[in-house]
Amino acid sequence: MDLNLKDRTYLVTAASRGLGFSVARALVDEGAEVIICGRNKDSLKKATTSLGELAQYFVADLSKKDDIKALVKNIGSQILHIDGLFVNAGGPPPGTFAKLTDNDWKKAFDLTLMSAVWLTRETLHLLKKSDSPSILYSTSISVKQPIDNLLLSNALRPAVIGMMRTLARELAPDIRVNAICPGYIYTERVEELMAASESVVENINTRIPLGRLGKPEEFGPVCAFLLSPIASYIHGALLLVDGGLYQGMM
Ligand code: NAD
């Protein structure tokens, strides 16, 4: 299937590695140009070299409003429009209610919810100039069922879904919006988290009906499809990529 991505440009955030990188990879493989961002110049350079000529990067900390404003200003000074935005950021830290401080909550609020608000607000004018603009918010299976010891994710990611569902009415019919919810995808971060214990991996595998963690290459192309003009009638949707882990009826 041709996703019709040639000559289109996508902004993929937090993409020096992991899920963001897998989305940038999939978009480039389909002929799109991508702009990636992250906090570390060296990692971004490495990622961009690996992605090839269709990729470029900007340094930005997504938990900072001014960084996002500068990022989009820089993009706007180079190109007239973008065709899509993949909203992604680092995960908020783990912790239980008893352990998390007000400061942890405030930092997670900026990183997880406000980054999505700022990115959406700042890029709207660039998206509106595309003939097929779309936004895809990357969240987590935690929006469907809470994950132990991840209170900040469980509490704040559903707010991104609430915004996405609201924007599905407010931005229609001009801009399509959707959300994607990974379960366990074997990125560097998950590898690091699980390095401590083989039994954690085994325990997760037994809970996933497909019997294993997902691979980044099983995530990126699904996102590329949802961002592409081929998905032109998918709007306001929330898609799990979790190997069947979520077992609720709705
Ligand atoms: P990762 O650590 O492999 O990659 C995260 C990327 O985000 C890196 O490029 C990092 O530099 C960048 N980043 C972190 N904080 C940033 C900031 N403030 N500003 C700019 N860039 C920043 O993680 P991942 O596995 O790719 O996960 C990406 C997101 O998806 C995280 O929020 C994670 O919690 C969430 N998630 C991941 C999974 C999974 O299975 N991998 C499942 C559910 C949710």
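What counts, and at which threshold
Residues numbered from 1 in each chain as written. Predicted model: local features only at pLDDT ≥ 70, side-chain atom pairs only at ≥ 80, totals over all residues. Heavy atoms only, no water. Core = buried A, V, L, I, M, F, W, Y, C linked by side-chain atoms within 4.5 Å. Buried < 20%, exposed > 50% of the residue type's maximum accessible area, 1.4 Å probe, protein only. Helix = DSSP H or I, 4+ residues; strand = E, 2+ residues; numbered from the N terminus. Contact = heavy atoms within 4.5 Å. Near = heavy atom within 4 Å. Polar contact = N/O pair within 3.5 Å; in protein donor to acceptor, adjacent residues only side chain to side chain. Areas by Shrake-Rupley, 256 points an atom, 1.4 Å probe, with all protein chains shown as cover. Nonpolar A, V, L, I, M, F, W, Y, C, P; charged D, E, K, R; others polar.

Visitor: Tell me about the nonpolar core, and name the residues and values.
Guide: Leu71, Ile75, Ile135, Tyr137 and Val177 are the most contacted members of the largest nonpolar core, which totals 37 residues. Secondary structure elements with two or more residues in this core: strand S2 (33–38), helix H3 (65–78), strand S4 (84–87), helix H4 (102–127), strand S5 (134–138), helix H5 (151–170) and strand S6 (176–182). When residues of this core are assigned to their parent elements, the largest contribution, nine residues, is made by H4. Beyond its immediate stretch of four places on either side in the chain, Tyr137 contacts Val87, Ala116, Thr120, Val160, Met163, Met164, Leu167, Val177, Asn178, Ala179 and Ile180. One finds Leu27, Ile36, Ile180 and Leu227 within the second-largest nonpolar core, a separate group that totals 29 residues.

Visitor: Kindly report on the site of the ligand, identifying the contributing residues and their values.
Guide: Surrounding the ligand, one finds 26 residues, the nearest of these being Ser16, Leu19, Ala89, Ile185 and Thr187. The side chain of Arg39 places a nitrogen or oxygen atom 3.4 Å from a nitrogen atom of the ligand. In this structure, an oxygen atom belonging to the ligand sits 2.6 Å away from a main-chain N or O atom of Ile185. Across the complex, the protein chains shield 91% of the 820 Å² of accessible surface that the ligand would expose by itself. Listed by contribution, the elements that provide at least two residues to the shell around the ligand are helix H1 (18–29) and helix H6 (188–195). Residue composition of the shell around the ligand, grouped by class: 10 nonpolar, 11 polar and five charged.

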